[in-house]
Amino acid sequence: MNRRNHRLDWVLALAVLGLAILPWYRLESGLLSTGWLSDYPLGAKAGPGLVQLALQGRGWLCLPLLALLPAVWARFAANPVPRARLLVASGLAGAAIMVLQGFAIAYSGWRWPVFEVWFGALGTGQEAFGAGATALLTAFLLLFSFGLAERGVLRGDAFVVSAITILIAMVATFVFYPVGMVLVGAFQGIDGGFDPAGFLKTLTDPSIWTLRCLSGSGRCGVAWSTLTLAIATGIGSTLLGLAFALVATRTRFPFKRALRLLTILPIITPPFVVGLALILLFGRSGVVTQGLAFLFDIPPGRWLYGPAGIWIAQVLSFTPIAFLVLIGVVQGVSPAMEEAAQTLKADRWRTFVTVSLPLMRPGLANAFLVGFIESLADFGNPMVLGGSHGVLSTEIFFAVVGAQTDPARAAVLALILLSFTLTAFVAQRLWLGGKNFTTVTGKGDSGQHAGLSRGVAALSIGVVSVWSAFTLVVYAMILFGGFVKTWGLDHRLTLEHYTRAFAVTFDHGTLLWNGVAWGSFWTTMEIALISAPLTAVVGLITAYLIVRQNFAGRSVFEFALMMSFAIPGTIIGVSYVFAFNLPPVEMTGTALILIVCFVFRNMPVGVRGGVAAMSQIDRSLDEASLTLGANSFTTARRVILPLLRPAIVAALVYSFVRSITSISAVIFLVSAQYNMATAYIVGLVENGSYGVAIAYSSVLIVVMIAVIGGFQALVGERRLRREDRVAGLSAKSATSPQDNIQPQEKAA
């Protein structure tokens, strides 16, 4: 009871903080500024909730205050049953009242006329929720969670119940609500009225579904073209990612460090830069194209501008993501199982096919799913290399911002895209089928990984070497473009592009950042460094709940998480503008909307990586910790988290990089004050400043490599006491299993 009262006291203190101390409504200058202090605490702009209620005529705020009283009563209740009911009622009623008030009352009064008829006109309105309202709403959600826990839900674990409640609330706010705002437009006509006929007309448009390409009489519809490309990209990126992971962990390849760095390069590059490099290589006037024409009299073609070119660019861009997902899974395969197969006279090939590969199925499935969804949502590569071959993401973009704006068509196309994503997700779950892939048990594992067969090793090293050489050529072209006058035309060497972008001078002892790119650079770094750890934390907590907890609606919850990843960035950006431009949540034009977009856009990668890694960790570790008296929070922090270091690195790296290189959503959310690097580079390209754009991109690549190295050094590596030996057995394998259990594995 003391522990329950202690945590309840903290939540009630949070509620008091929200009601009586923090500004209730949103501050234009932000909470961290000092300009609002002149209006605090008695003003209408910066006053706390109690001041707004007592002095500013906002009488509706008495309802949340009344809803808080049952929780105060429950604090002193001795009987646990009424206490739990009071907490549930207080939390549920308070959260519902605040959400309803937020949507019902706008700047000038009631948002809906029917409320004015029922309750009369209001003397004043309200602005968007601020720090005070957010704190009180969070307190109500925690009260509701504590009440459920005290009633025995999920074995009475308050941490698990609270985490699920908060995550559901955030997903509903930042995924369902904004996307729903756009999807409702699928059934609206030009005048904004309900128009189901228009929805059916767009849905059955032959340009979307035609299969004339199968008969050779024309092109496939945009839906089938997109689906085919996504499947091909998912397969290609997964196979290449597996080859990279095997070479990095199961061979004596001499350049493993360089290989890991090379796998990171494609995802730390603005996508249209890779496309431009491919054009410079394989376009009609490209180096390779002209070389083949000169040497072998092969006429230049336009094969690059279509599905083939997009596929090359996407596989180049998304293979590193597959590698990040798979390397932890490949490392996590139990050497003892492989040694057991070899003891039973299985050769290396049969061991790999029948033991190692099946245990990698969660990673393979997740790597394919991520590559598939990335391809569906990709905007930059199809925009640069698509030519006249459109995909769903570009079609949605032109439906939103084209000459003939058609938001209803954009919404229908988004629904089709979402259906493809959900189908892939269901197929993945059916393929895994609830099988057990546990390989990390905490019972000691003194064995070592079996070496690859000669054929698999040679094939993996060959594929990796060729792809690495191709990647190096592409990046050599990118770097070359930053040091020449005009990329592709005038190749005289110059530093003027870097000077223009990142000039720094001293004036009377003062450092001046004169370069045109410094403003967007510092903004981008700040937002990316904030959003990356938030994304990793939210993603891994969600993965822990999905894998380790059984609760009603878990599958629906997991589906919901994929929505933000499946919807094209164009729709995410537009939906955020529409949803968060008015009360109760107003973030348009601020840094917060960019951070929230990045967190919930990139979170699924952390979730999928965490799910794949956690599927290999035996539940007995959790059970042992809980048996010894640790709660779920301590178990997750002390036992599970140290074994998830590859997934943590993957989430940090991916979210940081995507925060810098994303373009499709960002271009709708940036403002003059918060202009991200990709939006700024797009402006440079549109103005013909290709050299400055390439120079800026090159600097971003170097900075991202440095920050990624910092993430890896900070998180460290997961140590499972396994050596990198790839053939035979050493004397160390005969040591006691107890000697091979790392401290992380003994934590339970």
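Scroll up to find the structure.
Not measured: the values here are computed from a predicted model. (Residues numbered from 1 in each chain as written. Predicted model: local features only at pLDDT ≥ 70, side-chain atom pairs only at ≥ 80, totals over all residues. Heavy atoms only, no water.)

Novice: I would appreciate a short explanation of the packing of helix 16 (residues 335-343) against helix 17 (residues 348-359) in the present structure.
Specialist: Helix-helix packing is characterised by the crossing angle of the two axes and by the distance between the axes. The contact between helix 16 and helix 17 brings their axes to 10 Å, and the two run at 150 degrees. In this structure, the crossing between helix 16 and helix 17 has a hand that is right-handed. Here M337, E338, A341 and Q342 of helix 16 come into contact with helix 17, specifically with R348, T351, V355, S356 and L359. Split into classes, the residues belonging to the contact of helix 16 with helix 17 amount to four nonpolar, three polar and two charged. (Axes fitted to C-alpha atoms, helices over the stretch in contact; angles between N-to-C directions. Helix = DSSP H or I, 4+ residues; strand = E, 2+ residues; numbered from the N terminus. Left-handed = near helix turned anticlockwise from the far one by under 90°. Contact = heavy atoms within 4.5 Å. Nonpolar A, V, L, I, M, F, W, Y, C, P; charged D, E, K, R; others polar.)

Novice: What is the right way to read unusual backbone geometry from this model?
Specialist: Phi is mostly negative for residues that are not glycine, and the peptide bonds are mostly trans. A cis amide bond links Y40 with the next residue in sequence, P41, at an omega value of 5 degrees. Relative to the assigned elements, P41 resides in the loop between helix 1 (2-21) and helix 2 (49-55). Of note, the amide linkage connecting P583 to P584 takes the cis form, showing an omega dihedral of 10 degrees. Secondary-structure assignment places P584 in the loop between strand 5 (581-582) and strand 6 (585-586). For R155, which is not a glycine, the phi torsion comes out positive at approximately 60 degrees. Residue placement: R155 occurs in the loop between helix 6 (131-150) and helix 7 (158-183). Relative accessible area serves as the criterion here: at 63%, R155 is assigned to the exposed category. (Buried < 20%, exposed > 50% of the residue type's maximum accessible area, 1.4 Å probe, protein only.)

Novice: What should I look at first to understand the packing of aromatic side chains in this one?
Specialist: Under the definition given, this model contains 29 aromatic pairs. Between the aromatic rings of W112 and F115, the centroid separation amounts to 5.6 Å while the plane-to-plane angle is 80 degrees, which identifies the pairing as edge-to-face. Relative accessible area serves as the criterion here: at 14%, F115 is assigned to the buried category. Note on W518 and W522: the rings are 5.5 Å apart at their centroids and 15 degrees apart in plane angle, and the pair reads as stacked. Within this pair, W518 and its partner W522 are both found in helix 24 (residues 518-548), separated by four residues, close to a single helical turn. (Phe/Tyr/Trp six-rings, centres within 6.5 Å; stacked < 30°, edge-to-face > 60°.)

Novice: Would you explain helix 30 (residues 645-661) in this entry?
Specialist: For an α-helix the count is 3.6 residues per turn, leaving residues at separations of three or four pointing the same way. Compared with an ideal rise of 1.5 Å per residue, which puts 17 residues at 24 Å, helix 30 spans 24 Å between its outermost C-alpha atoms and is within 8% of the ideal. With respect to burial, helix 30 is a largely interior element, 16 of its 17 residues being buried. (Expected span 1.5 Å × (residues − 1).)

Novice: Teacher, can you tell me more about the environment of G482 here?
Specialist: Mapped onto the elements, G482 comes out in the loop between helix 22 (454-481) and strand 1 (484-486). The spatial distance from the C-alpha of G482 to the C-alpha of Y498 is 7.5 Å, given a sequence separation of 16 residues. Leave out the neighbours within four places in its chain, and G482 touches T494, H497, Y498, G691, I694 and A695.

Novice: How should I be thinking about the pattern of salt bridges in this particular structure?
Specialist: For side chains of opposite charge, pairing can occur when their charged atoms come near one another. Scanning the model with the defined rule gives nine salt bridges in all. As a salt-bridge pair, E374 and R658 come within 2.7 Å of each other at their nearest N and O atoms. Here E374, found in helix 18 (residues 361-377), pairs with R658, found in helix 30; they are 284 residues apart in sequence, far enough to count as distant. R409 is paired through a salt bridge with E395; the nearest N and O atoms lie 3.9 Å apart. You can see R409 sitting in helix 21 (residues 407-432) and its partner E395 sitting in helix 20 (residues 392-401), a full 14 residues away along the chain. Linked by salt bridges that have partners in common, R26, E28 and E586 make up one network. (Salt bridge = Lys/Arg side-chain N within 4 Å of Asp/Glu carboxyl O.)

Novice: Help me understand a nonpolar patch on the surface in this model?
Specialist: Taken together, the side chains of V287, V288, L292, F294, L295, F296 and I298 make up a nonpolar region of the molecular surface, amounting to roughly 730 Å² of accessible area. Summarising the element assignment, V287 is placed in helix 14 (residues 287-296). (Patch = residues over 30% accessible without salt bridge, like charges linked within 9 Å, V, L, I, M, F, W, Y side chains within 5 Å. Areas by Shrake-Rupley, 256 points an atom, 1.4 Å probe, with all protein chains shown as cover.)

Novice: Would you take a moment to explain the packing of helix 3 (residues 62-75) against helix 6 for this structure?
Specialist: At a minimum axis distance of 11 Å, the contact between helix 3 and helix 6 shows a crossing angle of 35 degrees. Considering only the axes of helix 3 and helix 6, their crossing is left-handed. Every residue of helix 6 that contacts helix 3 at P64, A67, L68 and A71 is listed here: L136, F140 and L143. Class assignment of the residues belonging to the contact of helix 3 with helix 6 gives a composition of seven nonpolar, no polar and no charged.

So far we have only geometry, and geometry alone does not tell us how the molecule works.
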